[in-house]
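Chain by chain, the residues run as shown.
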Amino acid sequence: MKSQSNLEVQPVIRHVEDFDESTGSLPERIIFNHRLFVVLACLFITIVLSYFATTLRLNANFEKTIPTNHPFIVNYLKHKVDLSGLGNAVRISVETTKGTIYDPVYLDVLQKITDEAFLIPGVDRMFMRSLWSPGTRWSSVTEEGFGGGPVIAGSDDNADGGYDGSPESIEMVRRNVERAGIIGSLVAFNHKSSVVFIPLLSKDPRTGGPLDYADFSSRLEAIRDKYQSDTIKIHITGFAKKMGDLIEGVRQMMFFFGLAVLIAIAVLYWYTRCLRSMAVVVVCSLVGVTWQLGLSAILGFELDPYSILVPFLVFAIAISHGAQKMNGILQDIGRGTHKVVAARYTFRRLFLAGLTALVSDTFGFAVLTIIDIGAIRELAFIASIGVAVIIFTNLILVPVALSYVGVSRSAAIRSLVEEEEGRVNKKRHPIYAFLDLFTTKWWALGAIIVSIPLLVGGLMMRQDLRIGDLDAGAPELRTDSRYNRDNAFMVENYGASSDVLAVMVVTKPDLATGYEAVMKTDALEWQLRQLEGVDSTDSLALLTRQVNPALTEGSPKWYDLVSQTSINFVANNVGLRMYNESRDMLTLYVYLKDHKADTLTGVVNLVEDFAAKNNSENVKFLLAAGSAGIEAATNIVVEKANRQILFLVYGVVILMCFITFRNWRAVVCAILPLILTSILAEGVMAKLGIGVKVSTLPVIALGVGIGVDYALYILNVVLGHVRAGQSLSEAFYRADLFTGKVVLLIGLTLSAAVATWAFSPIKFQADMGIMLAFMFMVNMIGALILHPALAYFLYLKNGKM
């Protein structure tokens, strides 16, 4: 298909019998000479994939959100058995508003909550802890040596050996809590609440499949509803609860998705005033989404709260391409061409541009698979599938369907009003007259000059772009959400926060409790406690320091690692919480004030520097376990991938554009506005406090894919007219009348549609709405204004390319 012949105004053929079906490219002849087969095949595929789409599950998977091949995660998974509950875990804080936890009514409620949580499928029951857990023990130094026992289950000082709710046993619980060293971890500093710690398995033992976070979260909410009262308040945090809240929020997100679709439908109808052509574009776009969801289900993928945005993005891209086909057919029918011939003409003119754009989008999204995070890889596959099916549902099915249903005559004539007025009155519509100014020297120069400070400003703003979370709690949710209020309560009342990073001190067998390992751990622990962002630490070294004075009548001068004998004494009585059974690994727990990127980076850098100087044949310090350790590894992978993704996306887009159009000047004109948009978008992210992480990393790449569609439709038309010898001004004017008007329409429509997401109760959706609205708008402006401005200086003045 040669651009010049395709873009010339084709002869008006009023009767389909007068059209030679042997003309046109091979794809055109195959498709349009067998139109009925194409429609029936698409109908059959839609019915089949609609069924599979109904089986697609919405869920989340903890291990899919982490980079399982990163050294930190490899270390964690290798020693996971020895790290009690330091992965995916939930914390339930049970608060009393009346008195303290040392109350029989409160303790009875806590026991019931512990028992019910214990029975929830997916709980790693071996490592579950609360005041009622047998493994929650106290210890003390007496004249006869060490004494100890469960905090509630019994006490040597209780004659009957068990808790019975009497004032005496309540007082015993109080003393046991103080002796157990759990204040700040399982018990709040003010003694008004305590925690039920619930580590989770990666798979549901009933099904063998991934843990259903929506179901798990609903079970936790059932416990909250059952036991929360005027005197008992329940606070729940953890990855599973956050994902459950996000999945629940998807129902609310659906309202805003639906609103965006309705806005797109309303604007399309306003533009065409033709119900059937608008319906064809919308239905075919929804068919594309259905195919995407059905194929995703067949391939075994699941939607999660992050990839749930992808179906709407596919719908947006489909609407953009479908509207271009509809507009071309409207114009040809308006000139008097038969609907079948008009559909074939439009296919000839725009199929190459659309195919290039969608292939670029597909490969552009596919490069996201280089990121070693399962959730992003699945998002990349789902997005690539969705964009690929648009080739069939919108580039092919839309013109074929319109060749059957046609368009209203009045709508077709209306589509040529601006062109007719320009021809008769020799005066262009004000919008096109304004856009035409940028094909002249001084306006083109002005546009480029204005873009330079925008570029510099974007580069300066993006210096503040951070990797990872920038806020405490769950940034995906509003700050006043129940989850973030619960998280704030935890931070305020407990010293040992849920943001824990564990350093694994690996030794040869039986040397984990040796003097060298404990001394080096103590040295690292001291440095960590001086670090801003570290709340507290815990290790065998610290515990030994604390116990030694107790063994010497409280003398502070013994607050030291006195000898191997004192270490052995503490190790033999503390159990396996600080080291593993084979004594070849110590665990250093680092409790952080938050999981912000700067906090994690500081801890990781300090530990890595210490390890580089102190690792030996017998003792090695390895990162990292715990929720904060896993997040640190994720941030490292995301930071490395951030630049790679953009380079690869742009590389694919540039290569596809050059292969298709064989003109470096045109490719530069199309790509430079996209680069400016990407830089400005990152600057906006920095200003809005949106960090680059698993949930946001794909957005910039997706924005490039959407923007290239705008550029290529205009580029295709402009190249054809310039190669035909027309002036740059006339070429862009014709492009604006044919495809540019739809770029303007779709850009404004989609920007307005996704801007409504800013009011979503889910902050993640609100942030993405703002980002997508910005990119839709700026990409549109770049295609309509900066593209012709650059073309003025890059295209050759004699009309040759």
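Everything numeric here is computed off the predicted structure, so don't read it as measured data.

What counts, and where the lines are drawn
- Residues numbered from 1 in each chain as written.
- Predicted model: local features only at pLDDT ≥ 70, side-chain atom pairs only at ≥ 80, totals over all residues.
- Heavy atoms only, no water.
- Helix = DSSP H or I, 4+ residues; strand = E, 2+ residues; numbered from the N terminus.
- Buried < 20%, exposed > 50% of the residue type's maximum accessible area, 1.4 Å probe, protein only.
- Contact = heavy atoms within 4.5 Å.
- Areas by Shrake-Rupley, 256 points an atom, 1.4 Å probe, with all protein chains shown as cover.
- Expected span 1.5 Å × (residues − 1).
- Core = buried A, V, L, I, M, F, W, Y, C linked by side-chain atoms within 4.5 Å.
- Axes fitted to C-alpha atoms, helices over the stretch in contact; angles between N-to-C directions.
- Parallel < 35°, antiparallel > 145°, perpendicular 65-115°, else oblique.
- Phe/Tyr/Trp six-rings, centres within 6.5 Å; stacked < 30°, edge-to-face > 60°.
- Lys NZ or Arg CZ within 6 Å of the ring centre and 35° of its normal.
- Nonpolar A, V, L, I, M, F, W, Y, C, P; charged D, E, K, R; others polar.
- Pairing = 2+ DSSP bridges.
- Salt bridge = Lys/Arg side-chain N within 4 Å of Asp/Glu carboxyl O.
- pLDDT = per-residue confidence, 0-100.

Assigned secondary structure in the chain consists of 27 helices and nine strands. Evaluated residue by residue, the chain yields a buried proportion of 58% over its 801 residues. Taking contacts inside the chain between residues at least 6 apart in sequence as the whole, the part at least 24 apart equals 80%. About 32,200 Å² of surface is accessible on the chain, with carbon and sulfur atoms providing 60% of the total.

With that settled, consider helix α10 (residues 310-334). Helix length check: α10, at 25 residues, gives a terminal C-alpha distance of 36 Å against a target of 36 Å (1.5 Å per residue), a fit within 8%. The buried fraction of α10 is high, at 25 of 25 residues.

Residue placement: Asp332 occurs in helix α10. The exposure class of Asp332 is buried, given its relative accessible area of 2%. Apart from residues no more than four positions distant in its own chain, Asp332 is found in contact with Thr337, Ala342, Tyr345, Thr346 and Arg349.

Turning next to unusual backbone geometry. With a phi close to 55°, Arg273 is a non-glycine residue in the positive phi region. Tracing the sequence through the fold places Arg273 in the loop between α8 (239-272) and α9 (275-298). Even without glycine at this site, Asp510 takes up a positive phi of about 75°. Tracing the sequence through the fold places Asp510 in the loop between β6 (500-507) and α19 (515-529).

What follows is about the nonpolar core. With 212 residues, the main nonpolar core has Ile92, Leu131, Leu268 and Tyr795 as its most contacted residues. Element by element, the count of residues in this core is highest for helix α27 (residues 763-794), at 16 residues. In this structure Leu131 touches Ile101, Leu107, Leu110, Val151, Ile152, Val177, Ile182, Val187 and Ser194, once residues within four positions along its chain are discounted. Counting 47 residues, the second largest nonpolar core, distinct from the first, contains Met504, Phe610, Ala624 and Ala625.

Attention shifts here to the packing of helix α4 (residues 71-78) against helix α23 (residues 626-661). Put simply, α4 and α23 touch, their axes get as near as 8 Å, and they point 150° apart. When the interaxial angle is binned, α4 and α23 end up roughly antiparallel. Residues Phe72, Ile73 and Tyr76 of α4 pack against Gly629, Ile630, Ala633 and Ile636 of α23.

Tallying each qualifying case throughout the model produces 14 aromatic pairs. Relative to Phe621, the ring of Phe610 has its centre 5.2 Å away and its plane inclined at 90°; by these criteria the two rings are edge-to-face. With a gap of eleven residues between them, Phe610 in helix α22 (residues 597-614) and Phe621 in strand β9 (residues 619-625) connect regions that are remote in the sequence. Each member of the pair, Phe610 as well as Phe621, is classed as buried. Between Tyr792 and Phe793, the aromatic rings sit 5.0 Å apart at their centres with planes inclined by 85°, giving edge-to-face as the arrangement. Three or more aromatic residues joined by ring pairs form one cluster here, namely Phe32, Phe347 and Phe351. Just above the ring of Tyr404 sits the side chain of Arg35; from NZ or CZ to the centre is 4.2 Å.

So, on to the packing of helix α11 (residues 339-366) against helix α12 (residues 374-393). Direction vectors running N to C along α11 and α12 enclose 170°, while the axes themselves pass 8 Å from each other. Comparing the axis directions of α11 and α12 gives the class roughly antiparallel. Along its contact with α11, which presents Leu355, Leu358, Val359, Asp361, Thr362, Phe365 and Ala366, the element α12 presents Ala380, Ala383, Ser384, Val387, Ala388, Ile390 and Ile391. The residue makeup of the contact of α11 with α12, split by class, is eleven nonpolar, two polar and one charged.

What the four strands build is an open sheet, ordered β7-β8-β6-β9; its pairing is antiparallel. This sheet does not close on itself; its edge strands, each paired only once, are β7 (534-538) and β9. With direction set aside, neighbouring strand axes in the sheet form an average angle of 25°. Here β7 runs beside strand β8 (residues 585-592); their pairing, made up of four bridges, is antiparallel. Across the sheet, the residue bridging to Thr537 is Val590, located in β8. α22 rests against β6, β7, β8 and β9 of the sheet, and its axis sits at about 165° to β9.

Read from one edge to the other, the open sheet built from three strands follows the order β4-β1-β5, with strand pairing classed as antiparallel. Of all strands in the sheet, those bounded by a partner on one side alone are β4 (193-199) and β5 (232-238). When the angles between neighbouring strand axes are averaged without regard to direction, this sheet yields 20°. Each of β1 (89-96), β4 and β5 is contacted by helix α5 (residues 104-118), which is oriented at about 10° to β4, the strand it contacts most. Strands in contact with helix α18 (residues 482-493) are β1, β4 and β5; relative to β5, the strand with the most contacts, it is inclined by about 100°.

Let's shift gears to the pattern of salt bridges. In the structure shown here, the tally under the stated rule is 19 salt bridges. Linking Lys241 and Asp245 is a salt bridge whose minimum nitrogen-to-oxygen distance equals 2.4 Å. Pair noted here: Lys241 and Asp245 are both in helix α8, with a separation of four residues, about one helical turn. Across the pair Lys520 and Glu516 runs a salt bridge whose closest N-O atoms are separated by 3.2 Å. Here Lys520 and its partner Glu516 are both found in helix α19, four residues apart, which amounts to about one turn of the helix. Assessed through its relative accessible area of 17%, Lys520 is described here as buried. For Glu516, a relative accessible area of 34% translates into the label partly exposed.

This part is about the confidence of the model for the chain. Summing up the model confidence of the chain, the mean pLDDT is 81 and the portion of residues at 70 or higher is 88%. Mean pLDDT values for the elements of the chain range from 43 in helix α1 (residues 3-7) up to 93 in helix α3 (residues 35-53). Here residues 1-7 is modelled with pLDDT under 50, and outside its nearest four sequence neighbours on either side it reaches 19 contacts, counting other chains as well. Of the regions scoring below 50 in pLDDT, residues 155-160 engages in nine contacts with residues more than four places distant in sequence or in other chains.

Another aspect to go through is the pairing of β8. β8 sits mainly inside the fold: eight of its eight residues count as buried. Because side chains alternate across β8, one face comprises the buried residues Met585, Thr587, Tyr589 and Tyr591, and the other comprises Leu586, Leu588, Val590 and Leu592, equally buried. For β6 and β8, the ladder comprises seven bridges, and the chain directions are antiparallel. Considered in β8, the bridge of Val500 is made with Tyr591.

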